[in-house]
Amino acid sequence: MKKSDNVRIRKRICLILAVCWMAVIFVFSARSAELSTKDSMSIGILFGRLIVPSFADLDAQMQISFADKIDHPIRKMAHATEYAILGFLLTGSYADGSRKRKKIVLLPAVIGSLYAVSDELHQMFVPGRSCEIRDMLIDSCGVIAGTLFGFFVFIYWKSQKRRRLR
């Protein structure tokens, strides 16, 4: 199998995964505020069990209070992470050695950021959810981080590997 065939296969797989990941993001965004809060609270309690040594000894109300206090950072971290994954996949679906490096980063970052904006607009129509500019910015920062990581993995690292083999 030629190197160009491997790149073509990787690009197709990443594109399919990116579209699937967009669907996953859409499904999470379509959940009502009540369900979304319930999910993040359960993650907060799990997080407490993992990092707080005596968390299991706390009564249920204290555990819920802890989860409530870290709910906001968990939600924002989830936003950034889900969009970083999208940025990485979009970069994998576009990057190859024949494109200009700026385009390899710019196009996936723009596409991912536009999807973030459309996702926030979509949330205006979900019960209890809202469209927040802050979330669009967090999502876009996640996309950019994922895109830069994808650039490093798919282009820079490969070029360094080729140089070492010479």
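For the structure, check the block above.
Residues numbered from 1 in each chain as written. Predicted model: local features only at pLDDT ≥ 70, side-chain atom pairs only at ≥ 80, totals over all residues. Heavy atoms only, no water.

Visitor: Before we move on, could you go through the environment of Arg 8 and cite the residues and values that matter?
Guide: Among the structural elements, Arg 8 can be located in helix α1 (residues 3-30). Arg 8 gets classed as partly exposed once you look at its relative accessible area, which sits at 40%. As for Arg 8 and Tyr 94, which are separated by 86 residues in sequence, their C-alpha atoms are 9.6 Å apart. (Helix = DSSP H or I, 4+ residues; strand = E, 2+ residues; numbered from the N terminus. Buried < 20%, exposed > 50% of the residue type's maximum accessible area, 1.4 Å probe, protein only.)

Visitor: Give me the layout of surface pockets: which residues, what numbers.
Guide: Estimated volume of the largest pocket: approximately 640 Å³. Around the largest pocket, the lining comprises 28 residues; the ones closest to its centre are Ser 36, Arg 75, Ala 78, His 79 and Arg 129. When contributions to the lining of the largest pocket are tallied by element, the ones reaching two or more residues are α1, α2 (33-51), α4 (71-94), α5 (101-123) and α6 (133-165). Among the elements that take part in the lining of the largest pocket, α4 stands out by supplying nine residues, more than any other. (1 Å grid on protein atoms, 1.4 Å probe; cavity = no way out; pocket = protein on both sides within 12 Å on 5 of 7 lines; lining within 4 Å. Points joined across faces, edges and corners; volume = space filled by probe spheres on them.)

Visitor: Tell me about the nonpolar core, residues and numbers included.
Guide: With eleven residues, the main nonpolar core is built from Ala 18, Met 22, Ile 25, Tyr 83, Leu 86, Leu 89, Leu 90, Ala 109, Tyr 115, Ala 116 and Val 143. Elements with a contribution of two residues or more to this core: α1, α4 and α5. Here this core gets four residues from one element, more than from any other, and that element is α4. By size, the runner-up hydrophobic cluster in this structure holds six residues, among which are Ala 95, Ile 104, Phe 151 and Ile 155. (Core = buried A, V, L, I, M, F, W, Y, C linked by side-chain atoms within 4.5 Å.)

Visitor: Which residues make up the packing of α2 against α4, and what are the values?
Guide: Packing of α2 against α4 leaves a shortest axis separation of 9 Å and a crossing angle of 100°. The angle between α2 and α4 places the two elements in the roughly perpendicular class. Taken together, the residues of α4 that come into contact with α2 (itself represented by Ala 33, Ser 36, Thr 37, Ser 40, Met 41, Ile 43 and Gly 44) are Asp 71, Ile 74 and Arg 75. Along the lines of polarity and charge, the residues of the contact of α2 with α4 split into four nonpolar, four polar and two charged. (Axes fitted to C-alpha atoms, helices over the stretch in contact; angles between N-to-C directions. Parallel < 35°, antiparallel > 145°, perpendicular 65-115°, else oblique. Contact = heavy atoms within 4.5 Å. Nonpolar A, V, L, I, M, F, W, Y, C, P; charged D, E, K, R; others polar.)

Visitor: An account of the side chain of Gln 63 is requested, with residue identities and associated values reported.
Guide: On the secondary structure map, Gln 63 appears in helix α3 (residues 60-69). Ignoring sequence-local partners within four residues, the contact set of Gln 63 consists of Ile 45, Phe 55, Ala 56 and Leu 58.

Visitor: Explain the packing of aromatic side chains residue by residue, including any values.
Guide: Considering all chains together, one arrives at four aromatic pairs under this definition. When the centroid spacing of 6.5 Å and the interplanar angle of 45° are considered together, the rings of Tyr 83 and Tyr 115 count as tilted. Of this pair, Tyr 83 sits in helix α4 while Tyr 115 sits in helix α5, and the two are 32 residues apart along the sequence. In terms of burial, Tyr 83 and Tyr 115 fall into one category: buried. An aromatic cluster is present here, built from Phe 88, Phe 149 and Phe 154 joined pairwise through their rings. (Phe/Tyr/Trp six-rings, centres within 6.5 Å; stacked < 30°, edge-to-face > 60°.)

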